[in-house]
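What follows is the residue order along each chain.
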Amino acid sequence: MLTFLAGLGLGLSLIVAIGAQNAFVLRQGVRREHVGVVVLVCAVSDALLYAAGGAGLGALVEQHPGLVEVARWAGAAVVLGYGALAARRAWRGGEELEAVDAVRPDAGRRLRPVLLTALALTWLNPHVYLDTVVLQGSIAAGYGDDRWLFTGGAVVSSVLWFAGLGYGARYLAPLLRRPGAWRVVDGVIALIMVAVAASLVLG
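Analysis parameters
- Residues numbered from 1 in each chain as written.
- Predicted model: local features only at pLDDT ≥ 70, side-chain atom pairs only at ≥ 80, totals over all residues.
- Heavy atoms only, no water.
- Helix = DSSP H or I, 4+ residues; strand = E, 2+ residues; numbered from the N terminus.
- Buried < 20%, exposed > 50% of the residue type's maximum accessible area, 1.4 Å probe, protein only.
- Contact = heavy atoms within 4.5 Å.
- Patch = residues over 30% accessible without salt bridge, like charges linked within 9 Å, V, L, I, M, F, W, Y side chains within 5 Å.
- Areas by Shrake-Rupley, 256 points an atom, 1.4 Å probe, with all protein chains shown as cover.
- Salt bridge = Lys/Arg side-chain N within 4 Å of Asp/Glu carboxyl O.
- Expected span 1.5 Å × (residues − 1).

### Considerations on the overall build of the protein chain
Scanning the protein chain from N- to C-terminus turns up 9 helices and 0 strands. Traced from its N-terminal end to its C-terminal end, the protein chain shows the element sequence α-α-α-α-α-α-α-α-α. The buried share among the 203 residues of the protein chain stands at 42%. Partitioning the intrachain contacts of the protein chain with sequence separation of at least 6 by distance along the chain shows that 87% fall at a separation of at least 24.

### Some remarks on a nonpolar patch on the surface
Together, M1, L2 and L5 line one region of the surface with nonpolar side chains, adding up to about 390 Å² of accessible area. Assignment of secondary structure puts M1 in the segment before α1 (2–15). For M1, a relative accessible area of 70% gives the class exposed.

### Quick word on helix α2 (residues 20–31)
Compared with an ideal rise of 1.5 Å per residue, which puts 12 residues at 16 Å, α2 spans 17 Å between its outermost C-alpha atoms and is within 8% of the ideal. Buried residues dominate α2, accounting for 11 of its 12 residues. Looking one or two residues past α2, R32 carries a phi angle of roughly 60°, positive in sign.

### Here's the deal with the pattern of salt bridges
Counting across every chain of the model gives 2 salt bridges. In this structure, R31 engages E33 in a salt bridge whose closest nitrogen and oxygen atoms are separated by 2.9 Å. A residue is classified by how much of its surface remains accessible, and E33, at 5% relative accessible area, is buried. Where E33 meets R110, a salt bridge forms, and the shortest distance between an N and an O atom there is 2.9 Å. Within this pair, whereas E33 is found in the loop between α2 and α3 (35–54), its partner R110 is found in helix α6 (residues 107–123), the two being separated by 77 residues in sequence.

If you want it as structure tokens, here you go:
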């Protein structure tokens, strides 16, 4: 149990930092747009990465820094592009808080870009690999045969965090009924994305 809690604590300490992925989940949660899909993509992706780390793939990533280098530049481009879209929304205004109902005819069309963005912000972010595969994998290896208990705790931390962030964000909705409030939100998201992209480029 202590090993499981150690993995849970490490996972939460790594994931709670405000970054591109969390900002996207928060925005979708507030708008109530395909929250379940976004939470599922992020949680399952983290689970796969944590499992890779527990299986010892962290050493492989460290031995092939070129993989991280490719992910670094690709991730910077994706994050910067999403930041530019957020900046444009903040500049132009007119954004409204509107829940996407599953029966709306355009809901299916809107799912694809949301899904692709969630995947890109997760799998093209080298910070994710360093945190989940390398760091968590290295620590998990120190637990020997109990490394999967440690990894399981980390996986649960991702599920709890993304579910809480995605579905808890709706309680911010009353504060964001005015379009002007969304300009502030999108402005903050744009700054976060630019900061993340800069950190990736500067290494």
